[in-house]
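# Notes for the structure review
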Amino acid sequence: MAVQQSVGQDPYFPDNGDSRYRVHRYELTLDYRPGPNRLSGTARINAIAGRSPLAEFQLNLADFKIGRVRVDGRQPHYTHRGGRLRVRPAKPLRAGAAFTVEVHWSGNPKPVNSPWGGLGWEELADGALVASQPVGAPSWFPCNDRPADKASYLISVTTPSAYAVVAGGRLLTRTTKASTTTWVYEQSAPTSSYLVGLTIGKYQAVLLGDPGPGGIPQHGHIPAHLLPEFSRDFARQPAMMELFQELFGPYPFDEYAVAVTEEELDVPVEAQGLSLFGSNHVDGARGSERLIAHELAHQWFGNSVSIADWRHIWLNEGFAKYAEWLWSERSGGRTAQQLAAAAHRVLSSQPQDLRLADPGRKAMFDDRLYERGGLAVHAVRCALGDEAFFLMLRSWVRLHRGGAVTTEAFAAHVGRFAREPVEGVFTAWVWGAALPSLPVWGAAG
């Protein structure tokens, strides 16, 4: 695993995260009551101080009531304002020291404000879901909220027994006592805080295909009345999983789940080992199949291989967009070349002031970043040829599994698989703003 962490604050979100330490593991014990939307929790956070002694550190946590904070069992001084829990241990932590933080909190969870509206914990008409990208994780638990700080998670959620709890990772136990049920999930793979997925609702669980010996278990969690449409819309997801393992390498986690809420969502929500869809993404006509491919591809690009900071978001979205095109190409739809041409036509009529390598916070979710990101990946494919391109992709995913990467690292990696220099491809497509001409390679189309 190669981790390339950004130094200091994230340039797009300087109030989120603390680079002076890193978290190894979160153990979250939660109790949630959907009716009053009441959440109480305890977090046990195992962390490691950085290269300098740690006289203080911060966690991100929204506006909850803090019941208790402990550092290695001792009471520290702390303040909690503006979404930041600042902690000063009784004695400074030495450089490189392992330490444990315990936080108790309670309140009514709600989304945190962002330039894109509310993010994080969202109360539904009958349940809840978490949609945290990029800075919504503090809406429900205390965390070092930076994408490069990846940790394992143990999550225990107690809720009324009428509700199912779905989280990313492996369900270890489900225990019912009186009128409540406790669900315990383990996500052992390194996970960014914004990718900790959770939904609570009245779901029916189904198995998507038979994974067979050594296969990847894939489960769906859906309202019972949507099961007929869901069964058709997601029928080809196991085939997507097979294709993406062929093209990108082994699926990086233990299992994969998808959940469909009763309510509509603007876009599906990616999480590690879990994707959340709205009822509007289920129509019985495979109308959202490209989005199913997109979210599945994020398990490799964005989740297993994460970004060092948010400037590099095109590495997540460009590859997920290109995976849509690859699925179309390999499943009898339009080829990647045809889809690239369509995207190029759209971009040619739009402003050309976006640089993939550093789009700026305002443009990090701009549709142009997705389309241009897909085109940039296509340009790399055209430059390398299929054999070298897919060998490069599998190597990239294997080398950086569980880690965090940068655009510069990707450019250097591609160069090692190219017969001719590829600096021009990156200069035109990634570093520059003007739209280059459509990349074309006969075998790609």
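Refer to the structure printed above.
Scope of this entry: the structure provided in the associated data block. (Residues numbered from 1 in each chain as written. Predicted model: local features only at pLDDT ≥ 70, side-chain atom pairs only at ≥ 80, totals over all residues. Heavy atoms only, no water.)

### Some thoughts on helix H3 (residues 289–297)
The element H3 is largely enclosed, with a buried count of eight among its nine residues. Every buried residue of H3 is accounted for by Glu289, Leu291, Ile292, Ala293, His294, Glu295, Leu296 and Ala297. (Buried < 20%, exposed > 50% of the residue type's maximum accessible area, 1.4 Å probe, protein only. Helix = DSSP H or I, 4+ residues; strand = E, 2+ residues; numbered from the N terminus.)

### Some details on the sheet that holds strand S17 (residues 256–260)
Backbone hydrogen bonds hold the strands of a sheet together, and the pairing may be parallel or antiparallel. Read from one edge to the other, the open sheet built from five strands follows the order S15-S16-S17-S19-S18, with strand pairing classed as mixed. Pairing within the sheet leaves two strands with one partner each, and these edge strands are strand S15 (204–207) and strand S18 (269–271). Pairwise comparison of adjacent strand axes, ignoring direction, gives a mean angle of 20 degrees for this sheet. (Pairing = 2+ DSSP bridges. Axes fitted to C-alpha atoms, helices over the stretch in contact; angles between N-to-C directions.)

### Points about the pattern of salt bridges
Tallying each qualifying case throughout the model produces 22 salt bridges. For the salt bridge of Glu289 with Arg236, the shortest nitrogen-to-oxygen distance reads 2.6 Å. Taken together, the residues Glu289 in helix H3 and Arg236 in the loop between helix H1 (227–233) and helix H2 (237–248) connect sequence positions 53 residues apart. In this structure Glu289 comes out as buried when scored by relative accessible area, which is 9%. (Salt bridge = Lys/Arg side-chain N within 4 Å of Asp/Glu carboxyl O.)

### Concerning the sheet that holds strand S4 (residues 65–71)
If you trace the seven strands from one edge of the open sheet to the other, you get S4-S7-S2-S1-S10-S13-S12, paired in mixed fashion. The open sheet has two edge strands with one neighbour each: S4 and strand S12 (170–177). Neighbour-to-neighbour, the strand axes of the sheet open up by a mean angle of 10 degrees, direction not taken into account. Here S4 pairs with strand S7 (residues 98–107) via six bridges, running antiparallel. Across the sheet, the residue bridging to Arg70 is Glu102, located in S7.

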